[in-house]
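Spelled out, the chains give:
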Amino acid sequence: MDRAIRVLLIDLGSSRKEINEPIGICAVAAYAERYARFNLDIDLKFFPLSKRPNREEFSRYHVVGLSTKIGSLSVVNEIYDDISAIPESSRPLVVLGDLLATFATKEVLELFREAICVTGEGEEGFLQLLCAIHEYRKPVCGIHSSLPERNIPNLAYMVEGKYIKNVSQLIKLELCPPPLRTFSKQVAEVGGIVRNEGSRGCAWGRCSFCAIQHKYCNETQWRPVSIQRVIQELQELSEIGIKSPFYTDEDFIGNDPIRAIKLAEEILKEKAAGTIDKAMSLYVDMRVDSILSKSHKGLPSGKHVLEILKKSGLREVFIGIESGAKEQVKRYKKASTAHRNSIVLDVLDELGITYDIGFIMFDPEMNIQELTDNISFLKDTG
């Protein structure tokens, strides 16, 4: 009989004590369950809401995957030490993903040499790693030496002290199923943030302080999820009583304002039909240039797009202002300007859309004049 690969995926939560739905492990689990051609048992834990496993519980799994957020290093270390103490015959493989694994890959592997990092988009790399584990008949914690010949994308690991990092590769979003909704209702019940996804990447993607390029294979592109899937997920969230999902998108409108209007129209249609709660509202990230764009070549203006999105339930926009100082904005390589950063807030006020701003008051190269300009900007815009 084909052995089942037993997997435990853990989101360690935020060091800021926010309760954010662990959409990453839920997406990876959904992808693996959809495409695995072998028996696969996946359990999910979210530390703010789940009890931490003990050593005996860890030993029941072939793989323990940890979503490594900023501020999670001490918890990763504790869990890694617990698992390392399990006898090799029943010791699971530790797989690290998310922020630390992606942006400090080599440093993380220097600390946790028997771990494997899945960098960037984890769905396909993790699935191929599970396929390798399924074919590997020895204790899985020793699989590293058999991996180089497979060249699995988005994987990094150590073999006999040598650091190996495979090629980064984007997945095809159209092949991704919706994430599992294991924690959505529970997160909402404790006043946490339920997540949804409409796209990945940024149509600009060149800001000097931003990590999006590295996360997405150093490519500056915007990739939308199908409108059909977005609607399906909103319907599922509505069924379990979710009223205001936050979108994970780095750039909600991207370079396709017509798609944004079509999405808004579909949401309105489903609300009228009763398949999406009429009271459902949305929180999304947008770029200044998307909002201030003029209508041209058959494309609608950004203001028109926002008007229709508001009708469909847009409640609040996160907008990356970053600075009110002219030279600082240029240094950040923003597509916008300090003047346009001020105008966009007026537009959002005029439309009655609540906003939250990203703002980088200080940087190592700034001067007193830029600091003064920032303070003036914040005062003038309220």
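Residues numbered from 1 in each chain as written. Predicted model: local features only at pLDDT ≥ 70, side-chain atom pairs only at ≥ 80, totals over all residues. Heavy atoms only, no water.

**So, the side chain of Ser-281**
Right, so step 1: With respect to the helices and strands, the residue Ser-281 is situated in the loop between α10 (257-273) and β12 (282-286).
Right, so step 2: For Ser-281, the side chain forms a polar contact with the side chain of Ser-244, separated by 3.1 Å. (Helix = DSSP H or I, 4+ residues; strand = E, 2+ residues; numbered from the N terminus. Polar contact = N/O pair within 3.5 Å; in protein donor to acceptor, adjacent residues only side chain to side chain.)

**Looking at the pattern of salt bridges**
Right, so step 1: This structure, assessed with the given rule, holds 26 salt bridges.
Right, so step 2: Where Glu-121 meets Arg-200, a salt bridge forms, and the shortest distance between an N and an O atom there is 2.8 Å. Residue Glu-121 is located in the loop between β5 (116-118) and α6 (123-135), and its partner Arg-200 is located in strand β9 (residues 199-201); the two are separated by 79 residues in the primary sequence. Residue Glu-121 shares its accessibility class with Arg-200, and that shared class is buried.
Right, so step 3: Here Glu-197 ties to Arg-229 by a salt bridge, and the two come within 3.2 Å at their closest N and O atoms. Taken together, the residues Glu-197 in the loop between β8 (195-196) and β9 and Arg-229 in helix α9 (residues 227-239) connect sequence positions 32 residues apart. Across the pair, Arg-229 and Glu-197 agree in class, each one buried.
Right, so step 4: Through salt bridges with shared partners, one network takes in Glu-21, Glu-121, Glu-123, Arg-181, Glu-197, Arg-200, Arg-223, Arg-229 and Glu-233. (Salt bridge = Lys/Arg side-chain N within 4 Å of Asp/Glu carboxyl O. Buried < 20%, exposed > 50% of the residue type's maximum accessible area, 1.4 Å probe, protein only.)

**Digging into the state of the cysteines**
By definition, a disulfide links the sulfur atoms of two cysteine residues through a covalent bond.
Right, so step 1: The tally for this structure, following the rule as stated, stands at 0 disulfides.
Right, so step 2: For the unlinked cysteine Cys-131, the closest cysteine sulfur is that of Cys-176, found at 15 Å.
Right, so step 3: Distance from the sulfur of Cys-217, which forms no disulfide, to the nearest cysteine sulfur (Cys-176) is 13 Å.
Right, so step 4: With relative accessibility at 18%, the residue Cys-217 sits in the buried group. (Disulfide = S-S within 2.5 Å.)

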